[in-house]
4 protein chains.
Amino acid sequence: MSGNTFGKLFTVTTFGESHGPAIGAVIDGVRPGMPLSKEDIQIELNRRRPGQSSLTTQRKEADEVEILSGMLDGKTTGTPIGLLIRNTDANPKDYEDLKNILRPGHADYAYLRKYGIRDWRGGGRASGRETALRVAAGAVAKKMLDEYGITVTAYTKQIDDIVAKNIDFAAIESNPVRCPDPEAAMLMAERIKIAKEEGDSIGGVIEVVVKNCPAGLGDPVFDKLDARLASGVMSIGAIKGVEIGDGFQSAIMKGSEFNDISTLKDGTLKSRTNHSGGISGGISNGNDVVLRAVIRPTCSIAKPQEAVTIDGKPTTMEIKGRHDPCICPRAVVVVEAMVALVMIDCLLIQKSISKTQ
Amino acid sequence: MSGNTFGKLFTVTTFGESHGPAIGAVIDGVRPGMPLSKEDIQIELNRRRPGQSSLTTQRKEADEVEILSGMLDGKTTGTPIGLLIRNTDANPKDYEDLKNILRPGHADYAYLRKYGIRDWRGGGRASGRETALRVAAGAVAKKMLDEYGITVTAYTKQIDDIVAKNIDFAAIESNPVRCPDPEAAMLMAERIKIAKEEGDSIGGVIEVVVKNCPAGLGDPVFDKLDARLASGVMSIGAIKGVEIGDGFQSAIMKGSEFNDISTLKDGTLKSRTNHSGGISGGISNGNDVVLRAVIRPTCSIAKPQEAVTIDGKPTTMEIKGRHDPCICPRAVVVVEAMVALVMIDCLLIQKSISKTQ
Amino acid sequence: MSGNTFGKLFTVTTFGESHGPAIGAVIDGVRPGMPLSKEDIQIELNRRRPGQSSLTTQRKEADEVEILSGMLDGKTTGTPIGLLIRNTDANPKDYEDLKNILRPGHADYAYLRKYGIRDWRGGGRASGRETALRVAAGAVAKKMLDEYGITVTAYTKQIDDIVAKNIDFAAIESNPVRCPDPEAAMLMAERIKIAKEEGDSIGGVIEVVVKNCPAGLGDPVFDKLDARLASGVMSIGAIKGVEIGDGFQSAIMKGSEFNDISTLKDGTLKSRTNHSGGISGGISNGNDVVLRAVIRPTCSIAKPQEAVTIDGKPTTMEIKGRHDPCICPRAVVVVEAMVALVMIDCLLIQKSISKTQ
Amino acid sequence: MSGNTFGKLFTVTTFGESHGPAIGAVIDGVRPGMPLSKEDIQIELNRRRPGQSSLTTQRKEADEVEILSGMLDGKTTGTPIGLLIRNTDANPKDYEDLKNILRPGHADYAYLRKYGIRDWRGGGRASGRETALRVAAGAVAKKMLDEYGITVTAYTKQIDDIVAKNIDFAAIESNPVRCPDPEAAMLMAERIKIAKEEGDSIGGVIEVVVKNCPAGLGDPVFDKLDARLASGVMSIGAIKGVEIGDGFQSAIMKGSEFNDISTLKDGTLKSRTNHSGGISGGISNGNDVVLRAVIRPTCSIAKPQEAVTIDGKPTTMEIKGRHDPCICPRAVVVVEAMVALVMIDCLLIQKSISKTQ
């Protein structure tokens, strides 16, 4: 109810603040008997970890995960998997100066009004640090999806006005921007560096493709697959919009243009086009599921900004904490995780539906 | 779990198919002692009702609602409110020809794969007809929000490439497109008529503004206000994308540009700009909440289309049912209802949180 | 959240008051493609219906159910099943005199304090009338369980101090008490008649047996099968206690006595005794699931009783409404339904768990 | 969904096995700004801890809790509270001999059938060890209830056939049985010692009293306060039955006897008797809430027992692990915690209901 649990059959419940002792999660609904190792999770955490390149924050967190339960002899047992990551490079002192300031773009005022108390140490629960557990849970989800041949791949599609043209999945991890188009990637990296040098930040667009998604996932009416994907992805801090298939472009299309024409072979539908992004009436139709999410420019910037104190006094502030000039390269991993969490959950729900005997 | 219930504390559970005997809903979490009449609900249903103008489908449904429970002497009692709407102009015969055809753009194949059985009569549960109950529940939600001075207003922002410029809420109901800019409205109506004459359909963008929204609504992490709004709005059939505040535009903005600079007066924050759309870190910040949703062009079109039968045979089909050439004018009412449902639910959740005594 | 929905994957949401226009339900999670008729439901409703014999209330309700959705050509479609029962013999006038009286044993005061408003017409939502929908949903659940060979059988085990000795399922419907021991049944009927003549009421115990229950149903920790059964059965108005297997008797047993000794044949466990009532560690163990529930004597009695008015004035009252001198014979059907609802839900949850591939 | 989370607005999610690295919990819904210390929780954990007296298991667990999140300067922040307890005296070797044996009375076979894999190390998730987190969460719940003056007190009411007569709350912690009647306590302790010496175990009954419970808690129909209490208490491993007020005794009472006659003073109801156990129609009525739960004799006994191996071979086994000859003295603390969790949750739900303005 308090928004710290995601999912219905495959669930992840997280806790932890940016500068508290630790962050952690409880993952539930993992199929029993699945081989799982700490490394399976660590490898994804490392992709999200701060300090990977000069394009990201310089906070030094090992983000080393400990599996506390739900395992026997390297296999899952069906009981909940407890995960723990200690915060090792927390530095609340960086935030002492900002303790009484409502930072522009941040949730400081909103939290204060919500709870009457606010953890000022690096944003507390509002920090992007909580996404580490999304990634950890997503790693487990991806492992389960893998058993069905379903893959989830996210990448940076756009930074500022630079758009990836040639999509080559193999290139994604070859550059620090996580862009599948190496040429665009170079331009994007350059653009991020400039923003950093200016003490500013920039945004972008992340695209996700789910391959081998079986038809029939998602539920009619309120739990449509697109509604669940939108909810999961939009719940990531910096994301301000989500679209499926042709998305906002469809406003200027005609029905005769947008409708995907299909063939049916051996019970499997294949469409010539994929304007619908793999979802019809809220249920997967067997084509690739395609989603895009927009990332706002990071709100923490080095540049001096006008702000207001808790007492209502105007002030000027400078943020000294360590921050990402553009969150896209690391957010790619988080978006991928959230989509994986939705997909595995919908798959388990579909499994519980018995069709005609 | 099956996606027919929306909300946590204020919930609506719906049932019913397009061409079955009736559609209905159970609304729960309404505050006891609130005056409520059938007319409060009927007035909103009439806004959504088919056959309002030449721009909408000619199906003749009175959409007359009956309140079955939860009331005593014109006041709510705190127990669930049962609503019933009989289908009076159902005409399954219109769909006999399409019984074995997987219509392009529709959910026919997806439902078949999901359930192994499909109600071919006008799309069954996949029909937009279910949205009548969203509107009915939204009417009750708006009545509750009204007690807090919170208003939710949706309107057509864009049809095809025509965009409303001057936003005058008073003008929304003055034209059949439900556009707040009368001049744009005329152009939009013209564009819809052309699409209709061509046997085709067009899409558009709906914008929603929540005024007097208190700060503190929404929950951290997975149940952010924007995530919940995205989920609610994206669950409407024809919607393919949702954005908050500057949305997709923020991809090309800088942090120094996007961050809203605010003043604090008597504990209330006011921002000079509203790039964030009234939501910071997933929690309302006291500014207007602003959301846009894109509507794909209606999938049912009169033009002949290539299609495939259930047995995999290619065919050509023409849809004879009565359909909207552009769903925006009616979808405005549905989007408004969904946003109202999210807002009242978040408000009740916030009420259950005790702050420092 | 407001307690009008039961279940997780197989859910039933109900609405309606004793003397309002109608009562109804939305059943969700029914497997698609299952043959279902109005009669399947009506036959169970008739077992619960008032006025069956001189032992029960004389209210005349046909309790005729209408199926509003979720069906196509006599088969379920996987979408929610809406059910409606009109109240035809509502007689609010019977309650006018009691409008301002807080009746002993009833929920009048509790509702007033909860909601600040109370539907005085026959108890409103607090009336046993809502159980008709539990029975209707239970009929659908039993139909699904039947496909797995699982049967749920409830009966009157005890009335006052008369206890059924010989349990013959075939005899249950042969007498108006629904007691599987015909001899005890006659004594029980006599005892109920005496209570009725005295203007008083009596209680009893209902026993339920689930046969062919597969091992593995129920979940560890908070959703143990016994916890879920207890919740479902205890939610029936007049029930004040629930026990599994040897239940309260186990307080005076030794571990060496209580532990069931078993054999394992072809992977199936069979126990010589069934002290555990078919549940070990909260999970079904393959033996019959056995539960007992105690029914308090009906609170509505004809005898004059001391009471207090809403204004705090002491008064004497007589209840003129039509009531059951002992609710057991009809409650048998409701308990059976609730157990069926729990069992099918646990079965669907178990189906969603993938074991080792 | 997997049964590892309890509650709706105040929730606790637990993880961990008896002989794994650690057990833990995430508590959510705690009011922000409440003073809370590790000691508040530790003091309750110490009451449940093994090895307190010669009457309990000799396993040596410090059960030292670590608070990982949700706190700032000694106050709760409204975000989830992560708790961690390391297992320090785990000794899986004790269970090596039993690895392939399905122990009588245990959940071994049920888990194996549920998951296809079973953590044989001390029962894994099925061990009573998980109740430590219930107690930890209950400590936080009691702290919140305390702000409303609501107290929850549990005690041993009966061991074998010895029943406490004089209930003196002050005496509960004065004896190792946690019996409020010191004389009965001595007899009970003696009885437990005998069972231990015989290598056997015995059961008992625990009673709980909630004082100062406001009227209006609990929800109609499926979430009645008694249903929720029954669910919470029955979910504790060894409990086989729950009753409210006069419970099973009411089977042999008359309505005129059972109905509590009340007075109303300053809007507060007081009843002369409390047969209903403080709950009418599923909603608290302002009287003390009274519940009893029966504890089966511990299934782990030292005596040789007949058993069966996983392969179906009959065998004889002796349990060498460290176990409680009677779980009542420690279960008192767990039952108290579960009742506290239900009460605070119902209180928060009631807070979210707006009555007439």
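Conventions adopted
Residue indices follow the written sequence of each chain, beginning from 1 at its first position. All chains are assigned letters beginning at A, and all ligands numbers beginning at 1, according to the order in which they are written. Only residues with pLDDT of at least 70 are given local features in this predicted model, and only at 80 or more are side-chain atom pairs given and counted; all residues enter the totals for whole chains, interfaces and linings. Excluded from the side-chain calculations are hydrogens and water; all other atoms, namely the structure's heavy atoms, are used. Any two residues whose heavy atoms approach within 4.5 Å at even a single point are treated as in contact. A 1.4 Å probe defines the accessible area here, and the buried area is the portion of it lost by two parts on being joined, summed over both. Salt bridges, as used here, are contacts in which a Lys or Arg side-chain nitrogen is within 4 Å of a carboxyl oxygen on Asp or Glu. Whenever two N or O atoms come within 3.5 Å, that pair is a polar contact, provided that in protein one can donate a hydrogen and the other can accept it, and provided that, for residues adjacent in sequence, both atoms are side-chain atoms. Under the scheme used here, helices are H or I runs from DSSP no shorter than 4 residues and strands are E runs no shorter than 2 residues, and both carry numbers assigned from the N terminus. Polar here means any residue other than Ala, Val, Leu, Ile, Met, Phe, Trp, Tyr, Cys and Pro, which are nonpolar, and Asp, Glu, Lys and Arg, which are charged; Gly is therefore polar. When the copies are superposed, the least-squares fit draws on C-alpha atoms of residues that have pLDDT of at least 70 in both. Whether a residue is buried, partly exposed or exposed follows from its accessible area with a 1.4 Å probe, protein chains only, as a fraction of its type maximum: under 20%, in between, or over 50%, in that order. When DSSP locates at least two bridges between a pair of strands, those strands are taken to pair.

Taken together, the contacts link 40 residues of chain C with 40 residues of chain B. Of the roughly 3,100 Å² buried between chain C and chain B on both sides combined, carbon and sulfur atoms contribute 63%. For the pair chain C and chain B, the number of links is two salt bridges. Along the contact surface separating chain C from chain B lie twelve residue pairs in polar contact (both at pLDDT 80 or more). Residue assignment for the side of chain C that touches chain B shows that the elements contributing at least two residues are β2 (11-16), β3 (22-28), β4 (65-67), β5 (71-72), β6 (75-76) and β7 (81-86) of chain C. Take the side of chain C that touches chain B: its biggest share by element is four residues, from β2(C). Broken down by class, the residue content of the side of chain C that touches chain B amounts to 16 nonpolar, 14 polar and ten charged.

Once that is clear, we can look at the relation of the copies chain A and chain B. You can overlay chain A on chain B at an RMSD of 0.0 Å; the transform is a turn of 180 degrees with a shift of 0.0 Å along its axis. Both copies are brought into coincidence by an operation consistent with a two-fold rotation axis. When C-alpha positions in chain A are compared against the rotation axis, the closest is assigned to A:S231, at 2.4 Å. The fraction of interface residues of chain A whose copies in chain B are also interface residues reaches 100%, indicating that both copies meet through the same surface.

Turning our attention to unusual backbone geometry. Unlike most non-glycine residues, B:R178 shows phi in positive territory, near 60 degrees. When you line up the elements, B:R178 lands in the loop between β10 (162-163) and α4 (182-197). A residue is classified by how much of its surface remains accessible, and B:R178, at 5% relative accessible area, is buried. One non-glycine residue, C:V221, adopts positive backbone phi at about 65 degrees.

With that settled, the discussion passes to the sheet that holds strand β8 (residues 101-102) of chain D. Residues and elements named next belong to chain D. Spatially, three strands are ordered β8-β18-β19 in an open sheet, and the strand pairing comes out antiparallel. Edge positions in the sheet fall to β8 and β19 (314-317), since each has one partner strand and no second. Relative to β19, strand β18 (residues 305-309) runs antiparallel, the two being bridged by four bridges. Residue pairing across strands places A307 opposite T315, the latter belonging to β19.

Here we come to the interface of chain A and chain B. Listed per partner, the contact involves 105 residues of chain A and 105 residues of chain B. Together chain A and chain B conceal approximately 8,300 Å² of surface at their shared face, both sides included; 60% is due to carbon and sulfur atoms. When the buried area of chain A at its contact with chain B is split by residue, A:K114, A:F222 and A:K240 rank highest and sum to 11% of it. Summed over the shared surface of chain A and chain B, the number is six salt bridges. Linking chain A to chain B there are 41 residue pairs in polar contact (both at pLDDT 80 or more).

Glancing now at the pairing of strand β12 (residues 239-244) of chain A. Regular strands place their side chains on alternate faces of the sheet. Judged by how many residues are buried, β12(A) sits mostly within the fold: six of six residues are covered. Looking at chain direction, β12(A) and strand β17 (residues 289-295) of chain A are connected through five bridges and run antiparallel. Among the inter-strand pairings, A:G241 is bridged to a residue of β17(A), identified as A:V294. Across three bridges, β12(A) lies against strand β12 (residues 239-244) of chain B in antiparallel orientation. Within β12(B), the position partnered with A:V242 by the bridge is B:V242.

This part takes up the side chain of C:E336. Residue and element names in this part refer to chain C. Note that E336 resides in helix α8 (residues 328-352). A polar contact is formed between the side chain of E336 and the side chain of R47, at a distance of 3.0 Å. Apart from the residues within four sequence positions on either side, E336 is in contact with E44, R47, K142, V152, T153 and A154.

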